[in-house]
Amino acid sequence: MQNTELDPTLSETLVKAGKNMLTLVIGNKNYSSWSMRPWVVLTAFDIPFREVRICLDQDDTASRIAEYSAAGRVPVLLDDLTNIWDSLAICEYLAEQFPERGLWPAESSARAVARSICAEMHSSFTGLRSAMAMDIRASYPGQGRTSEAQGDIGRVCEIWEDCLSQFGHHEFLFGDFSIADAFYAPVVMRFRTYQVSLAPALQAYCNRVAAHPAVASWIAGARAEIEVLPDH
């Protein structure tokens, strides 16, 4: 288990604001795409939290996760007596708890589209996920191009093109970095690992996401890990 120690002044700030210290339980940074999403959101929006990392595919993995969630999966967000065990639910909860941080786009139609593409990522793209698993430290150029994965790649590109042109002004998907960019950050990792060829504007978007301080910090953490999980 890995715990991230925080500056005591952060705890004092939370106490003064009437908020509890959050804890995020995650899997391996190199492999756990679902864990990456809320971790990046918390980090990008300067929301203090403690990190508990549980290595996946170990003999004690299930029992350790069960200490935090009956669902048996990571990520899990702990806020006092409240446990949230789904990545999209975690991000929605954070947006409610920290409305001043602007985790979603401010404009209502942009916010509706952002929620829609996050829900689509949450429920779809099984071809991409199964054929091109996230493995940040690896390089598999040209692999994983099943017909299902290729169809998912096309749909992701369509989403990015639409959002960048309509809302993003060719920065992030909705201008400023938001939950939507965090939700597609693991796809950026996959595209880098499998060297998916993209249109210049979409490649530039991937580069911006990878260079964002929160995403870059996750990448650094993934590269520092030593576990190798063949099943992932």
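Right above here is the structure, for reference.
The structure presented is a predicted model; accordingly, all values stated were derived computationally and were not measured. (Residues numbered from 1 in each chain as written. Predicted model: local features only at pLDDT ≥ 70, side-chain atom pairs only at ≥ 80, totals over all residues. Heavy atoms only, no water.)

S.K.: Go over helix α5 (residues 108-123), please, and point to the residues and values.
M.R.: When the terminal C-alpha atoms of α5 are compared, their 22 Å separation across 16 residues agrees well with the 22 Å that a helix rising 1.5 Å per residue should span. Those residues of α5 lying buried are Ala110, Ala114, Ile117, Cys118 and Met121. The buried residues of α5 occupy one face: seen down the axis, they fall within an arc of 100 degrees. The inward-facing, buried residues of α5 abut α2 (33-44), α4 (87-97), α6 (126-131), α7 (147-168) and α8 (179-193). (Helix = DSSP H or I, 4+ residues; strand = E, 2+ residues; numbered from the N terminus. Expected span 1.5 Å × (residues − 1). Buried < 20%, exposed > 50% of the residue type's maximum accessible area, 1.4 Å probe, protein only. Arc of directions from axis to C-beta. Contact = heavy atoms within 4.5 Å.)

S.K.: Describe in detail the pairing of strand β4 (residues 76-79), supporting the description with residues and values.
M.R.: In β4, alternate side chains face the same way, and those of Val76 and Leu78 on one face and Leu77 and Asp79 on the other are all buried. Of the strand pairs in this sheet, strand β2 (residues 22-26) and β4 are connected by three bridges, and their pairing is antiparallel. Its bridge partner being in β4, Thr23 is matched across the sheet by Leu78. Sheet analysis places β4 next to strand β5 (residues 82-84), joined by three bridges and oriented antiparallel. (Pairing = 2+ DSSP bridges.)

S.K.: Account for the nonpolar core, naming residues and giving values.
M.R.: Ranked by internal contacts, the top residues of the largest apolar core, which has 68 residues, are Trp160, Leu173, Tyr184 and Phe191. Where this core is concerned, the elements lending two or more residues are β2, α2, α4, α5, α7, α8, α9 (200-211) and α10 (213-224). Here the element with the most residues in this core is α8; it accounts for 10 residues. When neighbours within four sequence positions are excluded, Phe191 is seen to be in contact with Leu128, Ile153, Val156, Trp160, Val196, Leu198 and Cys206. Listed in part, the 11 residues of the second largest apolar core include Tyr31, Val74, Leu78 and Leu229. (Core = buried A, V, L, I, M, F, W, Y, C linked by side-chain atoms within 4.5 Å.)

S.K.: Which residues make up the environment of Ser32, and what values go with them?
M.R.: Mapped onto the secondary structure, Ser32 falls in the loop between β2 and α2. On the accessibility criterion, Ser32 (7% relative accessible area) is buried. Residues Ser32 and Ala201, spaced 169 residues apart in sequence, show a C-alpha to C-alpha distance of 27 Å. Once residues within four sequence positions are removed from consideration, Ser32 is found in contact with Gly27, Leu56, Val74, Met134 and Trp218. There is a polar contact of 2.6 Å between the side chain of Ser32 and the side chain of Ser35. (Polar contact = N/O pair within 3.5 Å; in protein donor to acceptor, adjacent residues only side chain to side chain.)

S.K.: An account of the packing of α2 against α8 is requested, with residue identities and associated values reported.
M.R.: In contact at an axis separation of 8 Å, α2 and α8 are set at 140 degrees when each is read in the N-to-C sense. Between α2 and α8, the crossing angle belongs to the class labelled oblique. Where α2 crosses over α8, the two elements pack in a sense that is right-handed. Residue-level inspection shows Ser33, Trp34, Met36, Arg37, Val40 and Val41 of α2 in contact with α8, the latter providing Ile179, Ala182, Phe183, Ala185, Pro186, Met189 and Arg190. In terms of residue class, the contact of α2 with α8 is built from 10 nonpolar, one polar and two charged. (Axes fitted to C-alpha atoms, helices over the stretch in contact; angles between N-to-C directions. Parallel < 35°, antiparallel > 145°, perpendicular 65-115°, else oblique. Left-handed = near helix turned anticlockwise from the far one by under 90°. Nonpolar A, V, L, I, M, F, W, Y, C, P; charged D, E, K, R; others polar.)

S.K.: A description of the packing of aromatic side chains should follow, citing residues and the corresponding values.
M.R.: According to the stated counting rule, one finds eight aromatic pairs in the structure shown. Summarising the aromatic geometry, the rings of Trp39 and Phe49 are spaced 6.2 Å apart at their centres and angled 90 degrees between planes, so their arrangement reads as edge-to-face. Of this pair, Trp39 sits in helix α2 while Phe49 sits in strand β3 (residues 49-53); the two residues are 10 residues apart in sequence, bridging distant segments of the chain. Accessibility assignment for this pair places Trp39 and Phe49 in one class, buried. Judged by centre distance (5.0 Å) and plane angle (65 degrees), the ring pair of Trp160 and Tyr205 falls under edge-to-face. (Phe/Tyr/Trp six-rings, centres within 6.5 Å; stacked < 30°, edge-to-face > 60°.)

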